[in-house]
Amino acid sequence: MSFGKMNGFADIKVVTKTKDSEGFATTSETVIASIRVYREGRHGSERWANLATFSEATDLFRFRAIPGVEVTTEHFIECDGERFDITSVENVKGRGMYTEILAKKVVSSIGKS
């Protein structure tokens, strides 16, 4: 995977919940990493046919592994103003050089009629 294919930018975020001094809980989004990504939408390719078990995934993201950061399904990705919940994280070919994520696009129901 070359930098030429990684032409998109994304943020890996996590939702953190904190309580203030009065005991009220607030949630905030914390950016874990801002990265260059290769993004592939779901289509009828052979690769997506082999991933039939992950039928809910809408996009595939590939990026270089981030030293000291472990991406899990607890995190989510923001790319091009869209939010994606991570359904699967895989170390590509077990080498620790690239990470591949299958994610599901989050569609807000607020404001839609």
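Residues numbered from 1 in each chain as written. Predicted model: local features only at pLDDT ≥ 70, side-chain atom pairs only at ≥ 80, totals over all residues. Heavy atoms only, no water.

1. Side note on the overall build of the chain
Stage number 1. Of the regular secondary structure elements, the chain holds one helix and six strands.
Stage number 2. Along the chain, helices and strands appear, N-terminal first, in the series β-β-α-β-β-β-β.
Stage number 3. When contacts within the chain are restricted to residue pairs at least 6 apart in sequence, long-range pairs at least 24 apart make up 50% of them.
Stage number 4. Of the accessible surface of the chain, which amounts to about 7500 Å², a share of 50% is contributed by carbon and sulfur atoms. (Helix = DSSP H or I, 4+ residues; strand = E, 2+ residues; numbered from the N terminus. Contact = heavy atoms within 4.5 Å. Areas by Shrake-Rupley, 256 points an atom, 1.4 Å probe, with all protein chains shown as cover.)

2. Observations regarding the pattern of salt bridges
Stage number 1. Taken as a whole, this structure holds eight salt bridges when the rule is applied.
Stage number 2. Among the ionic pairs, Asp59 bridges to Arg39, the shortest N-O distance being 3.1 Å. Remark: Arg39 occurs in strand S2 (residues 25–41) and Asp59 occurs in strand S3 (residues 59–64); sequence separation between them is 20 residues.
Stage number 3. On the basis of relative accessibility, which here comes to 6%, the residue Asp59 falls in the buried class.
Stage number 4. When its relative accessible area of 28% is taken as the criterion, Arg39 is described as partly exposed.
Stage number 5. When the shortest N-O distance is used, the salt bridge between Arg62 and Glu100 registers 2.8 Å. (Salt bridge = Lys/Arg side-chain N within 4 Å of Asp/Glu carboxyl O. Buried < 20%, exposed > 50% of the residue type's maximum accessible area, 1.4 Å probe, protein only.)

3. Comments concerning the packing of aromatic side chains
Stage number 1. In this structure the tally under the stated criterion is one aromatic pair.
Stage number 2. Taken together, a centroid distance of 5.2 Å and an interplanar angle of 70 degrees make the contact between Phe61 and Phe84 edge-to-face. Note that Phe61 is positioned in strand S3 and Phe84 in strand S5 (residues 82–91), a separation of 23 residues in sequence.
Stage number 3. For Phe84, a relative accessible area of 0% puts it in the buried group.
Stage number 4. When the ring centre of Phe76 is taken as origin, the NZ or CZ atom of Arg83, which lies over that ring, is 3.6 Å away. (Phe/Tyr/Trp six-rings, centres within 6.5 Å; stacked < 30°, edge-to-face > 60°. Lys NZ or Arg CZ within 6 Å of the ring centre and 35° of its normal.)

4. Some points on unusual backbone geometry
Glycine aside, residues mostly have negative phi, and peptide bonds are mostly found in the trans state.
Stage number 1. Residues other than glycine seldom take positive phi values, yet Asp80 does so here, at roughly 55 degrees.
Stage number 2. With respect to the helices, strands and loops of the structure, Asp80 is situated in the loop between strand S4 (76–79) and S5.

5. Looking at the sheet that holds S2
Stage number 1. Spatial ordering of the closed barrel is given by S1-S2-S3-S6-S5-S4, a layout of six strands whose pairing is antiparallel. Strand-to-strand twist of the sheet, defined as the mean angle between neighbouring strand axes without regard to direction, takes the value 45 degrees. (Pairing = 2+ DSSP bridges. Axes fitted to C-alpha atoms, helices over the stretch in contact; angles between N-to-C directions.)

6. As for the side chain of Thr99
Stage number 1. With respect to the helices, strands and loops of the structure, Thr99 is situated in strand S6 (residues 98–105).
Stage number 2. The exposure class assigned to Thr99 is buried, which follows from its relative accessible area of 13%.
Stage number 3. Aside from chain neighbours lying at most four places away, what touches Thr99 is Phe61, Arg62, Phe63, Ala65, Val89, Glu90 and Val92.

7. A closer look at the environment of Arg36
Stage number 1. As for its placement among the helices and strands, Arg36 is situated in strand S2.
Stage number 2. For the pair Arg36 and Gly8, spaced 28 residues apart in sequence, the C-alpha separation works out to 5.6 Å.

8. Describing the confidence of the model for the chain
Stage number 1. Within the chain, residue pLDDT values average 82, and 82% of them lie at 70 or more.
Stage number 2. Per-element averaging of pLDDT across the chain places helix H1 (residues 46–50) at the bottom with 60 and S4 at the top with 92. (pLDDT = per-residue confidence, 0-100.)

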